[in-house]
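Remarks on the overall topology
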Amino acid sequence: MQFSVSTLSVMAADGTRLAISLWLPEGDGPFATLLEALPYRKDDVTSSYAESYERFCGEGGFAVVRLDLRGTGNSGGVAVDEYPDVERSDLRDVMAWVADQPWSNGRVGMLGTSYSGFNSLHMAVDCPPQLGAVCATYATDDRYTELYGPTPNFIPAGGWNNGEPDKLVKTHCCFCGVQCGRSEEHTSELQSLRHLVC
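Here is a short report on the structure shown in this document. Predicted model only: the values in this text are computed from it and were never measured. (Residues numbered from 1 in each chain as written. Predicted model: local features only at pLDDT ≥ 70, side-chain atom pairs only at ≥ 80, totals over all residues. Heavy atoms only, no water.)

Some remarks on unusual backbone geometry
Pro 30 follows Gly 29 through a cis peptide bond whose omega is 0°. The residue Pro 30 is located in the loop between β2 (17-25) and β3 (31-38) in this model. (Helix = DSSP H or I, 4+ residues; strand = E, 2+ residues; numbered from the N terminus.)

Encoded structure:
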C-alpha cells in the first residue's frame, strides 16, 4: 500500500505547538491511527523509527502519528520532567485532533517501547475516549517497584523463565498479552492493535 508522509503541528490547549510526523495510507479511509510520543527527536535521533511507521502504514493500513513531546525536538514549550501532567494533557489534545481529521475513524492506538510504553500506560489509565488500544513493551505501570524494589531493574515485564534469572522470557505486551520479542515486536503490535482499534 502506498502512503504519504507529512510534518505538521498540533496546538495544545495552552497554545503550545506540538510537532508531529504523519504517515497516511493512500485511499479513502477512514483509518485507525497509531500514536507514538517520545522526547527523543523524531527528525534526527530516532529517525530510524520511521521504518516501523512505514510498515504499520504500508502493510497494516494504519495512519501513524509520531509526536515530539513538549519541549523536545521540533515541539514548542519546555520539557520540565519525565511524564509530567502536561504530557498527558498534550496527548489528549493530539488524540482529539486525530479523531477530528477527515481521514480518521476516530480511534487511536498507542504503542511504544520504554518511554513511549510508559506514557501509553499512563494514557490507558486516563481513558480518553479516542484510545482503543495500548501496546507497551519494556514498560511498567509501577516505576517505584521497578527502580527501588527487591531486585531493581532486573525483573523483566514478562517475569523470569522458570525461576532462572539468566534466562529471561520474552516480554508480553501489557494489554494484549502477545509476546513481543524484538524480532516479533512489530508483527505482534500490528495484529493486536488491528484487532482492538479497527
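A look at the pattern of salt bridges
Once the charged atoms of two side chains with opposite charge are near each other, the side chains can pair. Here the structure, examined in full by the defined rule, presents 7 salt bridges. Arg 70 is the salt-bridge partner of Asp 90, the closest N and O atoms lying 2.8 Å from each other. Separated by 20 residues along the polypeptide, Asp 90 in helix α2 (residues 85-100) and Arg 70 in the loop between β4 (63-68) and α2 bring together distant segments of the chain. Taken as a pair, Asp 90 and Arg 70 share a single burial class, namely buried. Linking Arg 88 and Asp 126 is a salt bridge whose minimum nitrogen-to-oxygen distance equals 3.3 Å. Of this pair, Arg 88 sits in helix α2 while Asp 126 sits in helix α3 (residues 115-126), placing them 38 residues apart in sequence. For Asp 126, a relative accessible area of 31% gives the class partly exposed. (Salt bridge = Lys/Arg side-chain N within 4 Å of Asp/Glu carboxyl O. Buried < 20%, exposed > 50% of the residue type's maximum accessible area, 1.4 Å probe, protein only.)

A few points about the sheet that holds strand β1 (residues 3-11)
Strand order in the open sheet formed by 6 strands is β1-β2-β4-β3-β5-β6, with mixed pairing between adjacent strands. At either margin of the open sheet sits one strand with a lone partner, and together these are β1 and β6 (131-137). When strand polarity is set aside, the average angle formed by the axes of neighbouring strands in this sheet is 25°. Across 9 bridges, the pairing between β1 and β2 is antiparallel. (Pairing = 2+ DSSP bridges. Axes fitted to C-alpha atoms, helices over the stretch in contact; angles between N-to-C directions.)

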